[in-house]
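Chain residues, written in single-letter form:
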Amino acid sequence: MAIGLRVRGGPMVRQPVFIGIDVGKDWLDVAQHTSEEVRRFPNSDSGIGELVTHLEALRPQLIVLEATGGFEFPAAALQGVPGVGPNLARTLIAELPELGHLSHKQIAALVGVAPLSRDSGKMRGKRMIWGGRAPVRSALFLSVWSAAKWNPVIRPFYDRLRANGKPPKVAQVACMRKLLTILNAMVRDGRPWDPSIPPEQLRLQHSC
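Only a predicted model underlies this, so the values are computations on that prediction, with no experimental measurement involved.

1. Regarding the packing of aromatic side chains
Line of reasoning, step 1. Tallied over the entire structure, the rule returns one aromatic pair.
Line of reasoning, step 2. Summarising the aromatic geometry, the rings of Phe141 and Trp145 are spaced 6.2 Å apart at their centres and angled 90° between planes, so their arrangement reads as edge-to-face. Separated by four residues within a single helix, Phe141 and Trp145 lie in helix 5 (residues 134-150), roughly one turn from each other.
Line of reasoning, step 3. Residue Phe141 is classed as partly exposed on the basis of its relative accessible area of 33%.
Line of reasoning, step 4. We note Lys178 situated over the ring of Phe157; from NZ or CZ to the ring centre the distance is 4.6 Å.

Printed below as a string of structure tokens:
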């Protein structure tokens, strides 16, 4: 299985450039369809930065990544999103291999950021979160502090919740769930970060 990423804004050229990336735990091997040369980059933060610079110079029309059980996540998605840093990216790879393979409700429940009811008969208890993957939830909790300031999707969402009277912790958990939904949709669909596409629209496109 492969992940295809269409790159926007490339120049109009007579012969489009297509890139294939063979993904391993330690290395990313990059081949161009018009050349026999294969470039190798470390599958690390610095190596991915070099890869991005290399691809920007080529301005490819299509990039295809091999899907290898999570090793492709950093190159494909998990740090282009404002608020997602190395700690969250590594945690998602190590602790959440289901990312991109479950619905937004399932992944939220698995991590433990979905509000669960405590109802009994006619009694309606307070909705709370519990259980789930504690390391992922902790990494999301820290990342949302940054996302609530710098992410163009998360920031207005957080501000709107607070303006509507939601307590800071409730608003933060909702932002954790929304950020996780965005990342889940990106990995599932093989999409780069695009703040113009809301998570709700991504879910709708997937269900059609």
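2. Section: the packing of helix 4 (residues 104-111) against helix 7 (residues 168-189)
Line of reasoning, step 1. The interhelical angle for the contact between helix 4 and helix 7, taken along N-to-C directions, is 125°, at an axis separation of 10 Å. When the axis of helix 4 is compared with that of helix 7, the two are oblique. Crossing of helix 4 against helix 7: the hand is right-handed. Residue-level contacts link His104, Ile107, Ala108 and Val111 of helix 4 to Arg177, Leu180, Thr181 and Asn184 of helix 7.
Line of reasoning, step 2. Partitioned by chemical class, the residues of the contact of helix 4 with helix 7 number four nonpolar, three polar and one charged.

3. Overview of the packing of helix 6 (residues 154-163) against helix 7
Line of reasoning, step 1. The N-to-C vectors of helix 6 and helix 7 enclose an angle of 150°; their axes lie 9 Å apart at closest approach. As judged from the angle between their axes, helix 6 and helix 7 are roughly antiparallel. By crossing handedness, the relation of helix 6 to helix 7 is classed as right-handed. When helix 6 is examined against helix 7, the residues Ile154, Phe157, Tyr158, Leu161 and Arg162 are found in contact with a partner set consisting of Pro168, Ala171, Gln172, Ala174, Cys175, Lys178, Leu179 and Ile182.
Line of reasoning, step 2. Across the contact of helix 6 with helix 7, the residue classes tally to ten nonpolar, one polar and two charged.

4. What to know about helix 7
Line of reasoning, step 1. Compared with an ideal rise of 1.5 Å per residue, which puts 22 residues at 32 Å, helix 7 spans 31 Å between its outermost C-alpha atoms and is within 8% of the ideal.
Line of reasoning, step 2. Of all 22 residues in helix 7, 17 are buried, a share of seventy percent or more.

5. Quick word on the environment of Leu180
Line of reasoning, step 1. One can find Leu180 in helix 7.
Line of reasoning, step 2. Judged by relative accessible area, Leu180 falls into the buried class, the value being 0%.
Line of reasoning, step 3. When residues no more than four places from it in sequence are discounted, the contact partners of Leu180 are Leu96, Leu99, Ile107, Ala108, Val111, Val113 and Leu140.

6. Here's the deal with helix 4
Helical geometry note: an α-helix holds 3.6 residues per turn, so side chains three or four residues apart project in the same direction.
Line of reasoning, step 1. Within the span of helix 4, buried status applies to Ile107, Ala108 and Val111. In an axial view of helix 4, the angular spread of the buried residues amounts to 100°, which keeps them on one side of the axis.
Line of reasoning, step 2. Against the buried residues of helix 4 lie helix 5 and helix 7.
Line of reasoning, step 3. Taken from the residues just after helix 4, Gly112 is the one with a positive phi, measuring 100°.

7. Considerations on the pattern of salt bridges
Line of reasoning, step 1. In total, this model carries two salt bridges according to the counting rule given.
Line of reasoning, step 2. A salt bridge links Arg40 to Asp29; the shortest N-O distance between them is 2.7 Å. Taken together, the residues Arg40 in strand 4 (residues 38-42) and Asp29 in strand 3 (residues 27-32) connect sequence positions eleven residues apart.
Line of reasoning, step 3. On the basis of relative accessible area, Asp29 is assigned to the buried category, the value being 17%.
Line of reasoning, step 4. Among the salt bridges present, the one from Glu98 reaches Arg133, with a minimum N-O distance of 2.9 Å. Here Glu98, found in the loop between helix 3 (86-95) and helix 4, pairs with Arg133, found in the loop between helix 4 and helix 5; they are 35 residues apart in sequence, far enough to count as distant.
Line of reasoning, step 5. Residue Glu98 is classed as partly exposed on the basis of its relative accessible area of 24%.

Cut-off values and rules
Residues numbered from 1 in each chain as written. Predicted model: local features only at pLDDT ≥ 70, side-chain atom pairs only at ≥ 80, totals over all residues. Heavy atoms only, no water. Phe/Tyr/Trp six-rings, centres within 6.5 Å; stacked < 30°, edge-to-face > 60°. Helix = DSSP H or I, 4+ residues; strand = E, 2+ residues; numbered from the N terminus. Buried < 20%, exposed > 50% of the residue type's maximum accessible area, 1.4 Å probe, protein only. Lys NZ or Arg CZ within 6 Å of the ring centre and 35° of its normal. Axes fitted to C-alpha atoms, helices over the stretch in contact; angles between N-to-C directions. Parallel < 35°, antiparallel > 145°, perpendicular 65-115°, else oblique. Left-handed = near helix turned anticlockwise from the far one by under 90°. Contact = heavy atoms within 4.5 Å. Nonpolar A, V, L, I, M, F, W, Y, C, P; charged D, E, K, R; others polar. Expected span 1.5 Å × (residues − 1). Arc of directions from axis to C-beta. Salt bridge = Lys/Arg side-chain N within 4 Å of Asp/Glu carboxyl O.

Read these as geometric descriptors, not functional statements.
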